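What the coordinates show
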Amino acid sequence: MKVCKLFFFFSIISNGLFCQQNLKENFTPLKSVGVLPEIFTQNVRNIIKTEITELNKGKENDKALKTIYLTEANYEIEKIIKSGNTLINDEITKYLNKLKDVVLSNDAALKNKLNIFTLKSTVVNAYSYDKGFIFFDVGLIAQAETEAQLAYILCHEISHYTKHHNIQGYVKNKKLEKEVYEGKNESDVLIEKCQYSKEHESEADLEGFKLFETTNYNYTQAQKAFDVLQYAHLPFELTEFKKTFLETENLKFPVGYFLKDVSSIRNNADDDDTKSTHPNTAKRKVAISELIKARSNAGRVDNATSETEFKYIRDLARFESCRLYLKNRDYPNALYAAYILREKYPDNQFLAEVISKCLYAITMYKKGDLRYGSDSYMDEGILSYTKVESFPQQIYHLIEKMPENEWAVVALNYTYRAHKKFPADSLLNNLSDSLFKVMSRTPWGIVDFVRFSKKADTIKVVKDTIVPKSKTELIANLQKENSFKNYDTAYYKDAFVDLFMNDKEFTKKFPTAGPTSSQSSGFSDYRPRSYTSAKSMKKGTRFKEMEKVSKVITLEPFYVIIDKNENELTNFEADEKQEILINTINSCASKQNFELVTLDPGLLTSSDVDKMNDYSVINDWMYERFDAHENTYGAVPIFSIDEIKKITSKYGTTHILKTGIGFIKGKKKYTVFYAAIYDLRTNKMVYLKQEVFRGKPNKDLINAKVYQMFYELKNG
Amino acid sequence: MKYFKVYIILILCSGKLYSQLGPGYMGKRVTAGYGFYFSPAIVGSNASEASIIGRGNATGGDIAFNSMHEGFLEFAFKKRASVGFSFKYYKTTYDNAAEAYVTSYANGYTNSQQKSPAGFSQITGFNYALYFKIFNKRYVAPWGRYFLFGPTINSFKCSYDPSSMKVEFGDVYNSNTGTYSSVTVNDFGPQDQFFLRGDLLLGWGRSRIFGNRVTLDYGINVQVISLSFTLWDAVSENANIFDGTQITNLNYFERTSKRRVREVNRVNVFVKVGLLLF
């Protein structure tokens, strides 16, 4: 038994020591591990009721406003916690908690009150709530230069918590908003609100510094942390984007595709902050520098734990950022981030995948097969290079200047070689197969790329046999030669020469001629299934060509109440109705022997961390899915998720159900019933119901619609 | 009746053959229940011998309603369609407001007068309807807003009590005695007379369901032919306006009861309560 205990002990220790990812080879997207904290399993209504009871016991001012605050803040925290974007016990979160231990080594009581989580977001930010929840975005960790900078930001957030800025800000804002109704100028109120927020931020800067002072971190890093925030709109590192990155021996880009000089970075440190919630960086830095002046930095360090660990954690965040950029369909940033990381990790498989995906996606974008949705983070499409600063501008310039078919060549060239480098990587294989299909949609076939040897001969013949006799004859001859040269010496035509000569697989897969009559979307290998016409989709009803479905993964059903005279009870009411809706869904499904796999973050137990991760994957899938319109082939490519196969085989279904009720209260009442089924294999919506009814969402309405939905799914 | 059965079977079969069976409400497709129909008894008098406009268009009427009771059975055979059979029963009266051209042969003289008979005639009606409910888009039979249509057969029995329903001729001269006396005519044909008429039922309603079992159905329905006769009934109370044929005591029931039955069936508001059986 002792031996057994020792074995377990060592295995736990070893897990702690050796669970780091080998980033030189690959990267696995971040996942939550261990036991879910209480906040994940508690009923938010009970928490709110308890807190309101506690509030009412005291003799505080503005109880009514504070009651509303407690309700709203708790629901907001619940929304974040259960969004699927919150990481628990992963390496980054553990590291942040380690920083908490360092920063609060003298205050165990405060340490226990705080819960730090990492959020899967590229935003460069951190924020705290009065309940002691502090959230760090992955984007912020990716940008930090030292551990001390993160520690100072943590101190700043802790100060917001200890000073109760959140609730004070809420009460103040509500009072100011009331003044607008009483006739005060709206702009003046906004300025006043911002001023109050800025006072809180300045206070948190100074109080945070006091806490920071108790540690052994370098004071100057507190000041530098503001630089990180100031340049948050730029990538986490700035390195020249070299022309050679996508070039090979036989593929050399024309000089015109690259800018001679990239634009300079604008210094916005002293921008007008009148209508900003935070003081401008210059002011914040000055305030901190005043404090630093009087203090000695001797013996203080940039990293209190270890520099290696900080850099490893930061790299994890940077790798995760690549995936998150893909999720946001921000391909230029994903490409640039992967480019930076590739300098350090040239043989990383994940980076090869990210770059291939970006090139493929940019090709699709250029070809018009990938269109951003109106609610997308990039709803206006990829930015013009003129709006981008510094080195990343080269990527935007290249995207703008290089024609779509040449992108197909570049993407195939990179992806196929990556596939050869990582032959066991099925994703790269599928991507390159899809790109062969994209090539079949270009005007070029195999013959256009194997003229290398012929070209030289032909030109030689021309030169040898024709001797110009007159000026006009000479001009005609030169024009002929030039046009031939222009065509045959197009830089991309030699791209695959070595592959045609040495790689039978490549030659076999390469399309023999130009575009075929039955054009392929180029997605079919990446998402292995044929596509039906997008015209079969009819809004407001189910799809006519729908296959029968008898099992679905159901995500948290929503119940939204929109009320113009919204009060604090709306959330409660919606919450209660949501529970009824969940019961209805379960009972209607069971009556028809319809199998439901519930992935609902609202119904998790502490041991359901795997379900939480699966929910997170599907949530990311949904996010990316909705970020783009279906193309003419009825498909939407998904790039950030590679674990869908695992999930579909784990749960035995490829379909996910998103359903819910919206109730619009007003003079006239409306109820909206929404249900959509997506096929995770094809990324296609296979069923949609979006129906509006006059009146309240009565029980018979919900029962009838939910039952009908399952009936239609089951019977096709 | 045979044809009627065949018709129902064909309807049910076509539902099965040519369309997918609908989901029903929570899987339940058959509803049975009771319905109550009512409409204002403006003229004519209801079962309680009351009408809103008083007898003979006189003032001093009451707030009065015609009412009908219904038993129904419905089957949802498609997602948005159901077929139903209903049997309605009602009792009403006719205030004999129409004047009859009555002839008496008394004392060797023939006396003719145009007069409204006294008393009330009794009408008992039975309506049989086969109807289809087509539910609005988004709804699922038997729940939701719908439009209904179908043929209906209105059968009714008219009866009268000769002791109260009569026409009296006052001051009829008797040449034998040289005196004047009154003569009573109470022959309006057989005391029980049966009539059968067809009509087309149209309706609009909404069905709610409580506790997944009880249905509450409310709406309005009309009988198209009866409705189209509204103007006709208004102008031809005493005589056919086209050929001028008078109502006589012998065709009095035939002419007046039909009109009364049309009034009862013309437009009705209904409330039905049913049970979702299976």
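Residues numbered from 1 in each chain as written. Chains lettered and ligands numbered in written order. Predicted model: local features only at pLDDT ≥ 70, side-chain atom pairs only at ≥ 80, totals over all residues. Heavy atoms only, no water.

**A closer look at the pattern of salt bridges**
Residue and element names in this part refer to chain A. Applying the stated criterion across every chain yields a total of 51 salt bridges over all chains. Close ionic contact of Lys344 with Asp315 constitutes a salt bridge, the shortest N to O distance being 2.6 Å. Of this pair, Lys344 sits in helix α14 (residues 331–344) while Asp315 is found in helix α13 (residues 307–327), placing the two residues 29 residues apart along the sequence. Among the residues examined, Lys344 registers a relative accessible area of 47% and is labelled partly exposed. As a salt-bridge pair, Lys420 and Glu505 come within 2.8 Å of each other at their nearest N and O atoms. With Lys420 in helix α17 (residues 404–421) and Glu505 in helix α23 (residues 504–509), this pair connects stretches of sequence that are 85 residues apart. (Salt bridge = Lys/Arg side-chain N within 4 Å of Asp/Glu carboxyl O. Helix = DSSP H or I, 4+ residues; strand = E, 2+ residues; numbered from the N terminus. Buried < 20%, exposed > 50% of the residue type's maximum accessible area, 1.4 Å probe, protein only.)

**With respect to the side chain of Thr442(A)**
Structurally, Thr442(A) can be placed in the loop between α18 (426–439) and α19 (446–449). One polar contact links the side chain of Thr442(A) to the main-chain carbonyl oxygen of Met439(A), over a distance of 2.6 Å. (Polar contact = N/O pair within 3.5 Å; in protein donor to acceptor, adjacent residues only side chain to side chain.)

**A closer look at the packing of aromatic side chains**
All told, the structure shown has 62 aromatic pairs over all chains when counted by the stated rule. With a centroid separation of 5.5 Å and 40° between ring planes, the pair formed by Phe87(B) and Tyr128(B) is classed as tilted. Pair noted here: Phe87(B) is in strand β3 (residues 81–94) and Tyr128(B) is in strand β6 (residues 121–135), with a separation of 41 residues, a long-range link. For Phe87(B), a relative accessible area of 32% translates into the label partly exposed. By relative accessible area, Tyr128(B) is classed as partly exposed at 33%. An aromatic cluster is built from Phe40(A), Phe117(A), Tyr127(A), Tyr129(A), Phe133(A) and Phe135(A), whose rings are joined through pairwise contacts. Cation over ring: Lys133(B) sits above Tyr146(B), and NZ or CZ is 4.3 Å from the ring centre. The cationic tip of Lys272(B) hangs over the ring face of Phe72(B); the distance from NZ or CZ to the ring centre is 4.8 Å. (Phe/Tyr/Trp six-rings, centres within 6.5 Å; stacked < 30°, edge-to-face > 60°. Lys NZ or Arg CZ within 6 Å of the ring centre and 35° of its normal.)

**Section: a positive patch on the surface**
Positive charge collects at one region of the surface, where Lys668(A), Arg694(A), Lys78(B), Arg80(B), Lys137(B), Arg138(B) and Arg145(B) lie side by side. Structurally, Arg80(B) is set in the loop between β2 (65–78) and β3. (Patch = residues over 30% accessible without salt bridge, like charges linked within 9 Å, V, L, I, M, F, W, Y side chains within 5 Å. Areas by Shrake-Rupley, 256 points an atom, 1.4 Å probe, with all protein chains shown as cover. Lys, Arg positive; Asp, Glu negative; His and termini not counted. Charge placed at Lys NZ, Arg CZ, Asp CG, Glu CD.)

**Topic: the interface of chain A and chain B**
If you look at the interface, chain A gives 21 residues, while chain B gives 17 residues. For the pair chain A and chain B, the summed buried area comes to about 1600 Å², and 52% of that belongs to carbon and sulfur atoms. Counting the surface chain A buries against chain B, the share from its top three residues, Asp700(A), Tyr707(A) and Tyr711(A), is 34%. At the junction of chain A with chain B, the criterion picks out two salt bridges. Asp700(A) is the partner of Arg208(B) in a salt bridge, and the nearest nitrogen-oxygen pair spans 2.9 Å. Counting the contacts that link chain A with chain B gives nine residue pairs in polar contact (both at pLDDT 80 or more). Put simply, the parts of the chain that give the side of chain A that touches chain B at least two residues each are α24 (569–591), β12 (684–694) and α27 (699–715) of chain A. Here the side of chain A that touches chain B takes 11 residues from α27(A), the largest share from any one element. (Contact = heavy atoms within 4.5 Å. Buried area = accessible area lost by both parts, 1.4 Å probe.)

**A short note on helix α3 (residues 44–57) of chain A**
Residue and element names in this part refer to chain A. Taking 1.5 Å per residue, 14 residues should reach 20 Å; α3 reaches 20 Å between its end C-alpha atoms and fits that length. All of the buried residues along α3 are Val44, Arg45, Ile47, Ile48, Ile52 and Leu55. Mapping the buried residues of α3 onto a view down its axis gives an arc of 155°, with all of them on the same face. The N-cap of α3, judged by a side-chain oxygen 2.8 Å from the amide nitrogen of Arg45 a few residues on, is Asn43. (Expected span 1.5 Å × (residues − 1). Arc of directions from axis to C-beta.)

**Points about a nonpolar patch on the surface**
Residue and element names in this part refer to chain B. Together, Leu73, Phe210, Val214, Val273, Leu275, Leu277 and Phe278 line one region of the surface with nonpolar side chains, adding up to about 620 Å² of accessible area. Turning to its location among the elements, Val273 is positioned in strand β12 (residues 267–276). The partly exposed category is assigned to Val273, whose relative accessible area is 42%.

**Observations regarding the confidence of the model for chain A**
Any region with low pLDDT has predicted coordinates that should not be read closely. Across chain A, pLDDT averages 83, with 86% of residues at or above 70. Note that pLDDT drops below 50 for residues 452–466 of chain A; the model gives that stretch 11 contacts with residues more than four away or on any other chain. (pLDDT = per-residue confidence, 0-100.)

**Focus: the packing of helix α8 (residues 147–162) of chain A against helix α11 (residues 220–230) of chain A**
All names here are of chain A. In the contact formed by α8 and α11, the axes pass within 8 Å of each other and the chain directions differ by 85°. With respect to their mutual orientation, α8 and α11 come out roughly perpendicular. Contacts from Ala148, Gln149, Tyr152 and Ile153 in α8 reach Gln221, Ala222, Lys224, Ala225, Phe226 and Val228 in α11. Residue classes in the contact of α8 with α11 are distributed as seven nonpolar, two polar and one charged. (Axes fitted to C-alpha atoms, helices over the stretch in contact; angles between N-to-C directions. Parallel < 35°, antiparallel > 145°, perpendicular 65-115°, else oblique. Nonpolar A, V, L, I, M, F, W, Y, C, P; charged D, E, K, R; others polar.)

**Quick look at helix α4 (residues 252–265) of chain B**
Residue and element names in this part refer to chain B. An ideal rise of 1.5 Å per residue puts 20 Å on 14 residues; α4 measures up with 20 Å between its terminal C-alpha atoms. Counting buried positions along α4 yields 12 of 14 residues, so the element is predominantly enclosed. Among the residues of α4, those classed as buried are Tyr252, Phe253, Thr256, Ser257, Lys258, Arg259, Arg260, Val261, Arg262, Glu263, Val264 and Asn265.

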